[in-house]
Each structure stands twice: as C-alpha cells, then as structure tokens.
Amino acid sequence: MGRYVVRRLLQMIPVFIGSTLLIFLMVNVMGDPIAGLCGDKQCDAATSAQLKKEFGLDKPVWQQYLTYMGHVFTGDFGTAFNGQKVTELMATAFPVTIRLTIVAILFEIVIGITLGVITGLRRGRPVDTSVLLLTLVVISVPTFVTGLLLQLLLGVEWGWIKPSVSTDATFGELIVPGLVLASVSLAYVTRLTRTSIAENRRSDYVRTAVAKGLPRQRVIVRHLLRNSLIPVVTFIGTDIGALMGGAIVTERIFNIHGVGYQLYQGILRQNTQTVVGFVTVLVLVFLVANLLVDLLYAVLDPRIRYA
Amino acid sequence: MRGGTHAKWAACAAAVALAATACGGGDSGGGSGSSDGGAVLSSSWGDPQNPLEPANTNEVQGGKVLDMIFRSLKKYNPETGKAEDMLAEKIDTTDSQNFTITVKDGWTFSNGEKVTAKSFVDAWNYGASLKNNQKNAYFFGYIDGYDKTHPEDGSKQTADTLSGLKVTGTNTFTVKLNQKFSTFPDTLGYPAYAPLPQAFFTDHAGWVKKPIGNGPYTIESYTKGSQMALKKWDGYKGPDKAQNGGVTLKVYTDNNTAYTDLMAGNLDLVDDVPAAQLKNVKSDLGDRYINTPAGIIQTLAFPFYDKNWNKPGMEKVRTGLSRAINRDQITQTIFQKTRTPATDWTSPVLGKEGGFKEGLCGDACDYDPAAAKKLIKEGGGLPGGQVKITYNADTGSHKEWVDAVCNSINNALGNDKACVGNPVGTFADFRSQITAKKMSGPFRAGWQMDYPLIQNFLQPLYYTNASSNDGKWTNKDFDKLVNEANAETDTAKAVEKFQQAEGVVRDNMAAIPLWYQNGSAGYSERLSNVKLNPFSVPVYNEIKVG
C-alpha cells in the first residue's frame, strides 16, 4: 500500500510538469499581454518595456517557465496585472469554489445515488422509466440553459432566491448554483448506480445474503450498494476536478467570484501568472482526487489490494 | 422555429423537475435585498484592470471610482461637458505655454490633510516618472522636462521631477509646457491630474488597498475583485455634495447577470445594458432606461504602413468603402439606436462650440451603393480583391456589426466575397497585432475621449506618430493645421483650425467614421435624477434614493 502510494506520487511529477508547461505555452502563444493593458490606446513604448521587465516578459519563454516554476516551489505564484498577489486571489477564490463543489457533490451523492438505487431495484417500473427520461432531458440540456432558466424563474419571476450570489457566497446561496453545476453529473451518477445495482442484484453473493435471511435493508446497503458503488466513486472522484475547473459557466451566470471567474478574467487579460497558477492548483486537485479514488477502491472492495 | 419551441418545452420540463428537488433541499430565501440605511444605492461594476492610482487608471471601471473620490482643478459639467473650475481659483497665461495655477483655499483630503499646490505637483511628478509604471504618463508629455523623467526609448530616466513644474507658494504653482497648447487648462479635469495626499507616497501599499481622495465620497471598504462600498463624505466642501448616503459597487462578470439582478430588485443601477436586452429594455424599465450620447466614436482605421493601402488613388477606395456602409440600418437593427450614424470624426457631446460639426463628412459618409462601386473602381479596386475587417471577438458585440458592415459592402458592390470579418480571439491579442503593425486591411478602432475637446479626437489619432495613430497615417497639412490650432489663444479660432484639419482627414478618408456610441443605463424605482456624463459614467453624486 505504502509503496503504491509512493509510486503514484512519483507518477504525478511528469504529469504536473507536462500540464503546467502546456498551459504556460498556450497562454504565451496568445501574444503580448501588455498590449491589452492600455485600452484602445497604445501603451507608450517606455512604460510597456518597463512593465515587461517587471513581469519578466522580456526573457525567452523557456527561461520564463523555469523562473516561474522555481518561484512556484517556494510558494510564490507571482503578481496579477492589477497588482494583487496570485496567492491572494487564490485565497479568496478557492474557498468559494470549494463550497460550490461541496454543494454539487452532495447533490450528486444524495440525489444521484438515491435515485439510482430506487430505479435499479425497480427496473422497468414507471418510476424507473420516468427517472430515466428525466435524466436524459437533464443530460441533453446544456448547463447554461438550466442555469439561466432557474435564475430567471426562481430569481426574477418567483423571487425565491437572489439571482446573483453575494461576495460572501454562503452555503445557502450556493444551493441553486450547486444544483445547476451538478445537474449533468447527477444524471450520470443516477444512471451509473442504476446499471450497477441492477447488474449486481442477480449476483451470487446477493442471492446468498437473501437466502441467509438477512433483512432487506442490510442486503441492499451492505452487500449490494457497497459493491455497486465502485464505478460511481470513480466517476465522482474525477468529477471533483472537473467541477472545480468547469464551474466557469455556472460562476458567470450567478456572478460567483470563484476560480472560474478568476480564470475567465485571467484568460481575457492574458494574465499568464493567474491562469497558470490557478490551473496548476486545479491539476494538483485532480491528481490527488484520482489517487484518493484509487485508494477508496480497496476500502469498498476487499478483493482489491495494492502492492 | 418548431425546433426552438420543442427545445423550450424540454428545458422547461427539466427546470420544473430541478426546481422541485431544489425546494426539497431548502432555499436560501433571499428576497429583495434593500440596503440598510435607505439612502445607499448599489451599482454594477467591473474589476478595474490596474491598481486604482489616478495616473494609472485608463478604463471606465476604475475611472468610476476616481470620479467619486477625487476632484481635480477642473471638472467637466455632466451635462454640457464644459470644463469648469473646481479646485482651480484661476489659471493664467499670456503665451499659451507658461501657466500660473492658483488652487482654492480650504479643500482637504478625507484624512484631514490640506490640498495645496504641492499635492498637485507631487502627484504629477509621480505620474510622469517612468519608474512608477503609470499608464497615463503620456498625459504629462506636454509639460517641460517630460523627456527627462520619461525617456521615450526606455533608457534610464535622468530626472525624477518635471522641470516645468514649480511650487511658488502654498496655493500656487507654475507649469511650463514644451509647446504652445492653448486648451491645456481644459484638459485638467482628467482624473490623471488629480491631487494626491502624502499618504500615497509614504504608505503606498496601504493607500492602494484603500485609496484616500478629496472627492464627495470616501471608500468605506474595498474587497478587491468583488465589491467596494463608498460612503458620502460629510466633510466635503465642494459645491457638488453627494445627494445619497453612499454607493456600493458590485463586480459582475457578465452584464446579463447584472441586468437580471436589476429586474429582481437586487441591484439599483446598471450602467451597461447588455446588447441582447436592448429589444425589451423599454418594456422592462420604461422611462427608467436612459440612452444619451457619450464621447465615443467607432471608426475603421487603415494600415498605412501597407503599400496596398497607401498608394495614390486609394483614398477613393476608402471613400468608396465608407459610402458602401449603410450606417442608418446597422445602428437601428443591430444597436437598437444606441449608436448614431457618424457624420464627422468627433462626437456630439462636444457641442457646436466645442467643435462638433454635423455633416462635416458630407457625401463621403452617405450611403450610396452606386457611387461606392464607381469610386472603388476609379481607385483601382480593392487590394487583393477583398477587404478583411479585423476586430476582437471577445467583447462588445463587435462580430455582429462587422458582419453587418461587410454585408452592406458586399451588397453595394454586388460581390459576396468583397468583404469578410477577421476575428481575433482576445482584446490583448488584437492590440498586440496592431502594435506589431500586422494589419493587412481595415480594422476596428474605437476612441473614447479623455477630455471633451476637439483636439482629443484628432491629435492623438491622426497626428504623425501620435500615441494612438494605429494606422500610422501621416499628412503634413494635417500636422501643420493642428500645430496652428494649438498655438491659437482664441478658442473659437482654434476650433475652426481643428475643423480644417478634420477636413484633411475627410479628403484622405484616413479612417472611416462609423457611429457615435451612446451610454446606456437602467435603474430601479428607488432612484431618481440618474444621469450619465459625457464619459458614459453615471453622475453618482446627483442620484437621489427613495
């Protein structure tokens, strides 16, 4: 187990370097970021040269990358164009997005798995068919449509919620955005759980458990569900990273000042430091979440052992 | 259409289902958020791109704040755009080059410090000094000694202060310019010329976190990237005291969300109505929607560094293109009349006296497909048989109007391929391509005035090697006329000279004027007396709440 973890951690290094390098190059290819700083006017030559020097943009790209990575390892993610430290931006943005992700994941787990279990146990019944139909609808409607619709209906027409989220972005305010963010994944979780449950229901160990006379509750939760959750856990695990990075659309609709907002603004302003910094952290989150998922397998299924 | 209806039904079904589950989860139950105190209003905002230093703020969002917390020597009248004395007691000159400025007594910063001549001189020196990276440094370029504090080639500066600025008393200082510039006093309303308290220099980091100024508002709290709360400053001595208790600026990533918030009663003022909502804004807001001219003109500039566009006869082609654009139709259908077809190269906010001359463009801006076709043929045809209009596709619904302009040109010339749009992904990339002189055809050029003077619409854009002469157009006659106009002490005569210079721009069609842009805003029922100034910024201090 320990060796497995070490090996996985070592594997992260090339992935980490590769992905940051790619992002770094991509942002650099977009052109000169200083040019956009002076509005429709041209920055005067002296000032832009000075700014380039300050942000290290006058050096070749490989050198910029090396200096940047050097700084990253000491915890310095550089300065954004508006004079704020990128670490400062992260400190305000990540808690918000993490809260949003937690809300979304909770929705996925609670609603998704519950619906999955119900439909899996009642295959072919009206409940099953209607939930299936519903998930199909949710999957096929893009997030921004559900987002804008809910915002308009709940926020403007019925006045149940505020259409936008305040600066504090408390859990309460994030319920609707979290639901929107989770909606598509939620539908997938439902379908995954349903298939998995339906398949395992006919397996030998379930039949044994039923034959032993175990209460139905115990059969479903301990035997059937636990074994059926493996693909679902994989999905949710990888989804954590996707949700955090993919919140751009949802955050924009509900005006949430989280990671998506910072990334969007960073890209528009071609702010290498912000974009690479945030993506680096997202890459790390993704890698760690994946590792945790793999370790969770062993907990869920005792047959799986890591050497 | 049918497909559209189906999609709508499906989406509605999904929304209802989701809403149902949401109700189970418990709701945040916000209700409309009226601010406590009653007299504070909330307004939409965008994250300022640069630190909020006066000489470093060159876009509207940061400008909004500076407009509330600073007062300069002059202030532009929100209605007429005329520069009026604010902190200036008097500004004297005999030769249009040496000015003696007297600052009014009794003004203070909100931290109690007195506003003196030194407050101005220190601030201007700071702005002009290369090492401070101030993006508006070029504003001080007319002051003597600028070449020493801000060497053009980026070499080391040899002076920290402008030799043209001298403090001669507590409340007086002199300015020596490096050229004659009769309208210089009228430029002093620009925020870059604001005075700064000593705290700015002694505790710079602290000041940037929470700027201190001398305007009708003070900053109560500032959460970078999300919101700023401004409070009425009771100690403000100026004539334009705030009529409300304060303003809370909220950052919105998407102006559509801000508009939705306004509809839901969650926000009081939106000063940028999204293009998609223009159609229904009248029914949504009624007379709480304002649409007034702003000092912004959109043009198409040409790459004069490209031989194809700079050979003799091309002025006919450029004029032909101008005549092939149906400005009336485009401003009506795409912009819902939030733009006005341009008939000169300035802006209506200048007023007749200020130099705006309706119809100065004459025939050259009139839509006439037949004449357009003829002119382009006479001029030798389009270079390469096709024009590509380059624009940035990330903001401002530029794609829509560029496509419409191209359509108009294609229809006029009877050739489907005569004009195509050439989108560039981001504004920054668009700007860097322009700076690198990579344009091969006309490109979008917008100009938002710095101060309401005809000089500002001409000199920075068309003077040889001027700061925003992106097309690198150069013309001796134009330069000569501008120099003469600047040396003219009589304003009316100066304006006349500038208009003659504008005539040179017209005859050569250095840039095709498209339309004047309006400022638009919508507000809630709580507010009254909402106006936009010529810079399309709401006049916050005059807004009444309740």
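Residues numbered from 1 in each chain as written. Chains lettered and ligands numbered in written order. Predicted model: local features only at pLDDT ≥ 70, side-chain atom pairs only at ≥ 80, totals over all residues.

- As recorded in an unreviewed UniProt entry, chain B goes by the name Peptide ABC transporter substrate-binding protein, listed as coming from Streptomyces griseorubiginosus.

- Where an unreviewed UniProt entry is consulted, chain A appears under the name ABC transporter permease, with the organism given as Streptomyces griseorubiginosus.
- Looking at the Sequence similarities (unreviewed entry) heading of the UniProt record, one finds this comment for chain A: "Belongs to the binding-protein-dependent transport system permease family."
- Regarding chain A, the UniProt comment filed under Subcellular location (unreviewed entry) reads as follows: "Cell membrane". (UniProt positions renumbered as here; feature names shortened; annotations may be inferred.)

A few points about the overall build of chain A
Alright, step 1. Broken down by element type, chain A carries twelve helices and zero strands.
Alright, step 2. Starting at the N terminus and walking to the C terminus, you meet the elements of chain A as α-α-α-α-α-α-α-α-α-α-α-α.
Alright, step 3. Referenced to the eigenvectors of the C-alpha coordinate spread, the extents of chain A come out at roughly 85 × 55 × 30 Å.
Alright, step 4. By residue count, 41% of the 307 residues in chain A fall in the buried class.
Alright, step 5. The contacts of chain A with a sequence gap of at least 6 include a subset with a gap of at least 24, amounting to 74%. (Helix = DSSP H or I, 4+ residues; strand = E, 2+ residues; numbered from the N terminus. Buried ≥ 20, exposed ≤ 12 C-beta atoms within 10 Å, placed from the backbone. Contact = placed C-beta atoms within 7 Å.)

What about the overall build of chain B?
Alright, step 1. In terms of regular secondary structure, chain B is built from 19 helices and 19 strands.
Alright, step 2. For a compact globule of 546 residues, the expected C-alpha radius of gyration is about 24 Å, and chain B comes in at 25 Å, within 12% of that figure.
Alright, step 3. Viewed in the frame of its principal axes, chain B has a C-alpha envelope of about 75 × 70 × 40 Å.
Alright, step 4. Taken across its 546 residues, chain B has 53% of its residues classed as buried.
Alright, step 5. Intrachain contacts of chain B at a sequence separation of at least 6 include 67% that bridge at least 24 residues. (Rg over C-alpha atoms; globule rule 2.2 N^0.38 Å.)

Regarding the environment of N56(B)
Residue and element names in this part refer to chain B.
Alright, step 1. Residue position: N56 is located in the loop between β1 (40–45) and α2 (60–69).
Alright, step 2. Residue N56 is classed as buried on the basis of its 24 C-beta neighbours within 10 Å.
Alright, step 3. When residues no more than four places from it in sequence are discounted, the contact partners of N56 are N50, P51, Q134, K135 and N136.

With respect to the pairing of strand β10 (residues 246–251) of chain B
Residues and elements named next belong to chain B.
Alright, step 1. Most of β10 sits out of view: five of its six residues are buried.
Alright, step 2. Here β1 pairs with β10 via six bridges, running parallel. Following the sheet pairing, V40 is matched in β10 by G246.
Alright, step 3. As judged from the five bridges shared by strand β9 (residues 227–232) and β10, these two strands associate in the antiparallel manner. Its bridge partner being in β10, L230 is matched across the sheet by V247. (Pairing = 2+ DSSP bridges.)

Here we look at the pairing of β9(B)
Residue and element names in this part refer to chain B.
Alright, step 1. One ladder, built from six bridges, connects strand β8 (residues 217–223) with β9; its direction is antiparallel. In the sheet register, Y222 faces β9, and the bridge partner there is M228.
Alright, step 2. Between the antiparallel neighbours β8 and β9 lie three residues, among them G225 with a positive phi of about 80 degrees.

As for the UniProt feature "transmembrane region" (unreviewed entry) in chain A
Residues and elements named next belong to chain A.
Alright, step 1. Following the UniProt record, the feature "transmembrane region" (unreviewed entry) maps to residues 12–31, 98–119, 131–154, 174–193, 228–254 and 274–300 here.
Alright, step 2. Secondary structure across residues 174–193 comprises 95% helix and 0% strand; the distance between its end C-alpha atoms is 26 Å.
Alright, step 3. The annotated region residues 228–254 carries 93% helix and 0% strand content, and the separation between its end C-alpha atoms amounts to 35 Å.

A word on the environment of G70(A)
Residues and elements named next belong to chain A.
Alright, step 1. With respect to the helices and strands, G70 occurs in helix α3 (residues 61–73).
Alright, step 2. For G70, a count of 10 C-beta atoms within 10 Å puts it in the exposed group.
Alright, step 3. A C-alpha to C-alpha distance of 31 Å links G70 and E251, two positions 181 residues apart in sequence.

Here's the deal with the interface of chain B and chain A
Alright, step 1. With 64 residues of chain B at the interface, the matching set in chain A holds 64 residues.
Alright, step 2. Contributing elements (two or more residues each) for the side of chain B that touches chain A: α1 (2–24), α8 (255–263), α16 (427–435) and β16 (443–448) of chain B.
Alright, step 3. A per-element tally of the side of chain B that touches chain A places α1(B) first, with ten residues.
Alright, step 4. Class assignment for the residues of the side of chain B that touches chain A results in 23 nonpolar, 29 polar and twelve charged. (Nonpolar A, V, L, I, M, F, W, Y, C, P; charged D, E, K, R; others polar.)

Structural notes on the nonpolar core
Alright, step 1. In this structure, W124(B), I389(B), I409(B) and L458(B) are the most contacted members of the largest nonpolar core, which totals 222 residues.
Alright, step 2. With 13 residues, helix α4 (residues 86–121) of chain A is the single largest residue contributor to this core.
Alright, step 3. The contacts of L458(B), once residues within four sequence positions are left out, are W345(B), V482(B), F498(B), A501(B) and E502(B). (Core = buried A, V, L, I, M, F, W, Y, C linked by C-beta atoms within 7 Å.)

Some remarks on helix α17 (residues 454–462) of chain B
All names here are of chain B.
Alright, step 1. A large share of α17 lies buried, amounting to eight of its nine residues.
Alright, step 2. Burial in α17 covers these residues: I454, Q455, N456, F457, L458, Q459, L461 and Y462.
Alright, step 3. Where α17 is buried, its residues touch α13 (351–354), β16, α18 (476–487) and α19 (491–508).

Let's talk about helix α1 (residues 2–29) of chain A
All names here are of chain A.
Alright, step 1. An ideal rise of 1.5 Å per residue puts 40 Å on 28 residues; α1 measures up with 41 Å between its terminal C-alpha atoms.
Alright, step 2. Taken together, the buried positions of α1 are occupied by T20, F24 and V27.
Alright, step 3. At its buried positions, α1 is contacted by α3 and α12 (272–300). (Expected span 1.5 Å × (residues − 1).)

A short note on unusual backbone geometry
All names here are of chain B.
Alright, step 1. Phi at S96 is positive, roughly 65 degrees, even though this residue is not glycine.
Alright, step 2. Here S96 shows up in the loop between β4 (88–93) and β5 (98–103).
Alright, step 3. Judged by the 19 C-beta atoms lying within 10 Å of it, S96 falls in the partly exposed class.

Focus on the sheet that holds β4(B)
Residues and elements named next belong to chain B.
Alright, step 1. Pairing in this open sheet of four strands is antiparallel, and the strands run β4-β5-β7-β6 from one edge to the other. Of all the strands in the sheet, the pair left with one neighbour each is β4 and β6 (165–167). Here the strands of the sheet are splayed against their neighbours by 20 degrees on average, with no regard to which way each runs.
Alright, step 2. Note: β4 against β5, five bridges, orientation antiparallel. (Axes fitted to C-alpha atoms, helices over the stretch in contact; angles between N-to-C directions.)

Digging into the environment of V288(A)
Alright, step 1. Take V288(A): it is sitting in helix α12.
Alright, step 2. For the pair formed by V288(A) and M12(A), sequence separation is 276 residues and the distance between their alpha carbons is 8.9 Å.

Thoughts on the confidence of the model for chain B
Close reading of the predicted structure is inappropriate where its pLDDT is low.
Residue and element names in this part refer to chain B.
Alright, step 1. Overall, the predicted model of chain B reaches an average pLDDT of 86, with 93% of residues at or above 70.
Alright, step 2. Averaged pLDDT values over the elements of chain B bottom out at 39 in α1 and peak at 95 in strand β7 (residues 172–176).
Alright, step 3. Segment residues 1–37: pLDDT under 50, and 47 contacts once partners within four positions in sequence are set aside and those in other chains are kept.
Alright, step 4. This complex was scored by the predictor with a pTM of 0.82 and an ipTM of 0.81. (pLDDT = per-residue confidence, 0-100.)

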